[in-house]
Amino acid sequence: MTNEELWQTVLAQIQLVISPANFATWFKQTAIVSQKDGEMIVSVPNSFSREWLKNKYHKLITRIINDQDNRIKEIKYAVGSVVQTTPERKTNPTVPAIEQLDFQELKIDKETNLNPRYLFDNFVVGSFNELAHAAATAVAKTPGEIYNPLFVYGGVGLGKTHLLQAVGNEISKNFGKKNIKYLPAERFVSEIVGAIRNHQIESLKTKLQKTDILILDDVQFLAGKEKTQEEFFHLFNALYEKNKQIILSSDRPPKAIASLAERLRSRFEGGLIADISFPDLETRMAILKTKAVEKNIEFSDEIINYVASSIQKNIRELEGALNRLSTHQKIYGQPLTLEIAKELLGSLVAGPPKISSPKKIVQVVSDFYDLREKEVFSITRKKEVVKPRQIIMFLLREELKYSFPAIGRMFQGKDHTTAIHAFKKIKKGVEENEDLAEEISLIKRKLYGL
Ligand code: ADP
Ligand code: MG
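Presented here is an overview of the structure given in this document. Bear in mind the structure is a predicted one, so any value in this text is a computation, not a measurement.

### Quick look at the overall build of the protein chain
Alright, step 1. Within the protein chain one finds 19 helices and 8 strands.
Alright, step 2. On C-alpha atoms alone, the protein chain measures out to a radius of gyration of 25 Å, which is about the 22 Å that the 2.2 N^0.38 rule sets for 450 residues.
Alright, step 3. With respect to the three principal axes, the spread of C-alpha positions in the protein chain is 70 × 60 × 45 Å.
Alright, step 4. The burial tally for the protein chain puts 46% of its 450 residues in the buried class.
Alright, step 5. When contacts within the protein chain are restricted to residue pairs at least 6 apart in sequence, long-range pairs at least 24 apart make up 71% of them.
Alright, step 6. Looking at the protein chain as shown, the accessible area adds up to about 23,500 Å², and 51% of this sits on carbon and sulfur atoms.
Alright, step 7. Each charge class in the protein chain can be summarised by its mean position, and for the 65 positive and 56 negative side chains these summaries are 5 Å apart.

Spelled out as structure tokens, the structure:
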């Protein structure tokens, strides 16, 4: 039996036991992409379907497959567009190479820097981001042909990165391995600066000029970086002349970016500028619902409404609130009441009363990680100590606005670079790692006695 026949059999049986609507939603565009050494990989169209299949239908699928072929021990789900595969044609261009896929958690692609989590599929559109979304989808359909550059601007946590990366992911899905590069502007700056220092600027330029789709996020960071701006100007022109797509984001429109060379500003303004404003209540509720489905958790409309009404200006914070509620609900295994939800979100909603002290920070963090306070000040490099120590440094900066040199001095004469490194590391960690984000948010709650 070929993979295709096997999957047809599975689908036929599943169809018998679930509703047509569910079948259409979760099983269209699925297929077996490979089968080797007892491991089978089923490709699904997006991360939603993957989570659903994994969480809701895995047992059923496993049972049916084992009835057909009991050598299959493990079934995994991978996001990838499906084309009919035959055993001979193993490497299909539109199915991402298996080693790039992570089945447990989504991994950032090393070449493109794209995070597969950010898709058009899970991007909620409302009047606040309609234009930016329309422009982004148009660019994804015909890169390099209509709006070049596409410049998206808007405040923090309102979906710029998500939208830009969705364009990249969509292009990579539809056009295969284009040379797509997503870069936060900060990183672009440091790569340029590093390359100049190491006399490798020419090879970096050659490499960047091969890009087909360049996505530069948060270009306000180019402000005042003259050398980088100059390099970017040339890169921009080189790509533009070859009809390569350039996509940019910023927290403000080009004309409001201070210390930006005029010629670069006029390039930024040469395509389409689209802004993202604030989502209205209805849209905020839709976003929360989408995120809840993604996390496979349910909340009453009352709670969704409460969260959406309380947090208005930042989608990342909306998500943070949802994470907090979902952690609680998962731990206690029962639906939250509105009262508990209010209690849990009190600090987020009202903004924490900012009273803290360095002593309190050290005490709370040590306590949280079960360390003696003396240990965090020791010179040990043990992992169990290094992380809490870095968190303390992070909080001293974030909560009390201590200077980096002052923070360094508190830790046996470490210098400011150690403190800066710690701060950046934790800040990045919080963005990328849900567990760490949750730990920090718990620590902050203890810090403010919430
Ligand atoms: P920005 O880059 O503007 O600071 P992000 O793109 O990082 O914001 O978005 C912050 C979080 O909010 C991300 O987790 C993102 O998935 C989510 N988000 C933003 N806009 C939307 C949207 N329209 N639909 C669904 N999720 C969104
Ligand atoms: Mg961003």
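### A look at empty space enclosed by the protein
Summary: where empty space remains is shown by rolling a probe the size of a single water molecule over the atoms.
Alright, step 1. Scanning the entire structure with this criterion turns up 1 cavity of 30 Å³ or more.
Alright, step 2. Its boundaries defined by the atoms lining it, the largest cavity holds a volume of some 40 Å³.
Alright, step 3. Lining the largest cavity are Ile192, Lys205, Leu208, Gln209, Glu231, His234 and Leu235.
Alright, step 4. For the lining of the largest cavity, the elements supplying multiple residues, two or more each, are α7 (201-209) and α8 (226-241).
Alright, step 5. Looking at the lining of the largest cavity residue by residue, the class counts come to 3 nonpolar, 2 polar and 2 charged.

### A closer look at the pattern of salt bridges
Alright, step 1. The final tally for this structure, using the stated rule, is 19 salt bridges.
Alright, step 2. With its nearest N and O atoms 2.9 Å apart, the salt bridge here joins Arg71 to Asp69.
Alright, step 3. Where Glu202 meets Lys205, a salt bridge forms, and the shortest distance between an N and an O atom there is 3.6 Å. In this pair, Glu202 and Lys205 are both assigned in helix α7, 3 residues apart and thus about one turn of the helix distant.
Alright, step 4. Accessibility expressed as a relative area gives 26% for Lys205, which makes it partly exposed.

### Re the sheet that holds strand β7 (residues 245-250)
Alright, step 1. Overall, parallel pairing links the 5 strands, which are arranged β5-β6-β7-β4-β8 in an open sheet. Since the sheet does not close on itself, it has two edges, and those belong to β5 (180-184) and β8 (272-276), each with one partner. Sheet twist, expressed as the average angle between the axes of neighbouring strands with direction ignored, equals 15°.
Alright, step 2. Pairing geometry for strand β4 (residues 150-154) and β7, over 4 bridges, is parallel. Note on β7: the bridge partner recorded for Tyr153 is Ser250.
Alright, step 3. Those strands touched by helix α4 (residues 130-141) are β4, β7 and β8, and its axis lies near 135° from that of β8.
Alright, step 4. Against the sheet, helix α6 (residues 185-197) makes contact with β5 and β6 (213-217), and its axis sits at roughly 95° relative to β5, the strand it touches most.

### Some thoughts on the nonpolar core
Alright, step 1. Ranked by size, the top nonpolar core spans 27 residues in total, and within it Phe120, Leu150, Leu163, Val167, Ile215, Ile247 and Ile276 carry the most contacts.
Alright, step 2. Among the secondary structure elements, those contributing two or more residues to this core are α4, β4, α5 (160-175), β5, β6 and β8.
Alright, step 3. The residues touching Ile215, leaving out its near neighbours within four places in the chain, are Leu114, Leu164, Gly168, Ile180, Lys181, Tyr182, Leu183 and Ile247.
Alright, step 4. In this structure, Val362, Ile391, Phe404 and Tyr448 belong to the second largest nonpolar core, which totals 26 residues.

### Observations regarding the side chain of Thr30
Alright, step 1. In this structure, Thr30 sits in the loop between α2 (20-27) and β1 (31-36).
Alright, step 2. Among the polar contacts listed, one links the side chain of Thr30 to the side chain of Trp7, at a separation of 3.0 Å.
Alright, step 3. Of note is the side chain of Thr30, whose polar atom sits 2.7 Å from the backbone oxygen of Phe27.

### Some points on the pairing of β6
Alright, step 1. Extensive coverage of β6 is indicated by the burial of 5 of its 5 residues.
Alright, step 2. Residues Ile213, Ile215 and Asp217 of β6 are buried on one face, and the alternating residues Leu214 and Leu216, pointing to the opposite face, are buried as well.
Alright, step 3. Pairing of β5 with β6, which is carried by 5 bridges, proceeds in the parallel orientation. If you follow Ile180 over to β6, its bridge partner there is Ile213.
Alright, step 4. Summarising the sheet, β6 and β7 pair through 4 bridges and their orientation is parallel. What sits directly across from Ile215, in β7, is Ile247.

Calculation criteria
Residues numbered from 1 in each chain as written. Chains lettered and ligands numbered in written order. Predicted model: local features only at pLDDT ≥ 70, side-chain atom pairs only at ≥ 80, totals over all residues. Heavy atoms only, no water. Helix = DSSP H or I, 4+ residues; strand = E, 2+ residues; numbered from the N terminus. Rg over C-alpha atoms; globule rule 2.2 N^0.38 Å. Buried < 20%, exposed > 50% of the residue type's maximum accessible area, 1.4 Å probe, protein only. Contact = heavy atoms within 4.5 Å. Areas by Shrake-Rupley, 256 points an atom, 1.4 Å probe, with all protein chains shown as cover. Lys, Arg positive; Asp, Glu negative; His and termini not counted. Charge placed at Lys NZ, Arg CZ, Asp CG, Glu CD. 1 Å grid on protein atoms, 1.4 Å probe; cavity = no way out; pocket = protein on both sides within 12 Å on 5 of 7 lines; lining within 4 Å. Points joined across faces, edges and corners; volume = space filled by probe spheres on them. Nonpolar A, V, L, I, M, F, W, Y, C, P; charged D, E, K, R; others polar. Salt bridge = Lys/Arg side-chain N within 4 Å of Asp/Glu carboxyl O. Pairing = 2+ DSSP bridges. Axes fitted to C-alpha atoms, helices over the stretch in contact; angles between N-to-C directions. Core = buried A, V, L, I, M, F, W, Y, C linked by side-chain atoms within 4.5 Å. Polar contact = N/O pair within 3.5 Å; in protein donor to acceptor, adjacent residues only side chain to side chain.

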